[in-house]
Each structure stands twice: as C-alpha cells, then as structure tokens.
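# Fold and contact review
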Amino acid sequence: MSVNVLYRTTARATGGRDGHAETLDGQFKVDLGTPKELGGNGQGNNPEQLFAAGYSACFLGAMKFAASQDKTITLPDETHVTATVGIGARTDGGFGITVDLEVSLPGMDRSVAEELVKKTEHICPYAHATKGNIATTIKIEN
C-alpha cells in the first residue's frame, strides 16, 4: 500500500513521560507528566490523552468525509466521538493500549449509523493504523 502524502508534521519529545513535547513549527507545545496510576504525580498531559484526542478528532473528521460522500446522510449537529485510551501491562511482556470509541449520532437511524461507522473505520487513518494491533471497541449511541 502506498500513501500519497499531502501533509507532514514533526514533533520532538524530551524527558519521556515527565518531559515536554512540541512540534518543530512551534504550533503545538505540551508539558508531559506520568499519571498517578502509573506512579507519577499526575501533573501535565500524557501520551494516552494525546492519542485519545487525536483518535477522536480524526475519526470524527473521517466520519464527516464519509457522510459527505453519501449525499443521503446528514450528520446531526450534536455528533461527537469520545475516545477512551487505556494502558497496561501486556501478558507477553511490555505495555499495550486499548481504545474504546463512543460515536454519538443523535436521532440517526441505527442501520444508517452502523453503515456510516463501518465506512469510517475504513477511511480513518487512525482506525486503519491500529486495526489488528490494538484492542478497539466502537459503541454507537443514537
């Protein structure tokens, strides 16, 4: 599979989970901190929060694109995607993450919502990149 890259960004992290990350263009900067549940003080943001924000935004963007390709679908104004990212020890050693997506499509017919989410899973680069690598669940609320 080849990718026709239309945009690139570069970020650098220093200090690991208790450090700092920023894009090289200076548009995004974040102080990082390890969550209390992982032995830190809970100050700052962590990679799981950043991944949850990115995944939910990307999935919603892909869903908007999928809906625009099907002229019969109009997304409700209140449409939103919530991503919950978990981290923990893998049974084979090391660490792994999980993702639970909640897709809210208030008032949309259930079968239309399910078909839209199925198309979105194929379009969304986050969903594509993580397929088969991360335990992911998707719950549709409508």
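Above: the structure in question.
Read on for a plain summary of the structure. (Residues numbered from 1 in each chain as written. Predicted model: local features only at pLDDT ≥ 70, side-chain atom pairs only at ≥ 80, totals over all residues. Heavy atoms only, no water.)

This part covers the overall build of the protein. Within the protein, the regular secondary structure consists of three helices and six strands. Helices (α) and strands (β) of the protein occur, in sequence order from the N terminus, as β-β-β-α-β-β-α-α-β. When its C-alpha atoms are laid out on the principal axes, the protein stretches across 50 × 35 × 30 Å. Taking all 142 residues of the protein together, 30% fall into the buried category. Of the contacts formed within the protein by residues at least 6 apart in sequence, a portion of 50% connects residues at least 24 apart. Approximately 9,400 Å² of the protein is accessible, and the part contributed by carbon and sulfur atoms is 52%. (Helix = DSSP H or I, 4+ residues; strand = E, 2+ residues; numbered from the N terminus. Buried < 20%, exposed > 50% of the residue type's maximum accessible area, 1.4 Å probe, protein only. Contact = heavy atoms within 4.5 Å. Areas by Shrake-Rupley, 256 points an atom, 1.4 Å probe, with all protein chains shown as cover.)

Where nonpolar side chains cluster on the molecular surface, the patch consists of Met1, Val3 and Val5 and spans about 360 Å² of accessible area. Examined against the element boundaries, Val3 turns out to sit in the segment before β1 (11–14). The class for Val3 is exposed, based on a relative accessible area of 59%. (Patch = residues over 30% accessible without salt bridge, like charges linked within 9 Å, V, L, I, M, F, W, Y side chains within 5 Å. Salt bridge = Lys/Arg side-chain N within 4 Å of Asp/Glu carboxyl O.)

We now examine the nonpolar core. Residues Phe59, Met63, Leu105 and Leu116 are the most contacted members of the largest nonpolar core, which totals 26 residues. Those elements giving two or more residues to this core turn out to be α1 (47–69), β4 (80–89), β5 (95–104) and α2 (110–123). Ranked by residues supplied to this core, first place goes to α1 with nine residues. With near-sequence residues (within four places) excluded, Leu116 lies in contact with Met63, Ala66, Ala67, Ile73, Leu75, Leu105 and Met108. (Core = buried A, V, L, I, M, F, W, Y, C linked by side-chain atoms within 4.5 Å.)

Pairing in this open sheet of three strands is mixed, and the strands run β4-β5-β6 from one edge to the other. The open sheet has two edge strands, β4 and β6 (135–141), and neither has a second partner. Ignoring which end each strand starts from, the neighbouring axes of this sheet average 15 degrees apart. Strand direction decides the pairing type here: β5 and β6, joined by seven bridges, are parallel. Note on β6: the bridge partner recorded for Asp100 is Thr137. Across the sheet, α1 lies against β4, β5 and β6, angled at about 145 degrees from β4, the strand it touches most. Helix-sheet contacts for α2 involve β5 and β6, and the interaxial angle to β6 is about 150 degrees. (Pairing = 2+ DSSP bridges. Axes fitted to C-alpha atoms, helices over the stretch in contact; angles between N-to-C directions.)

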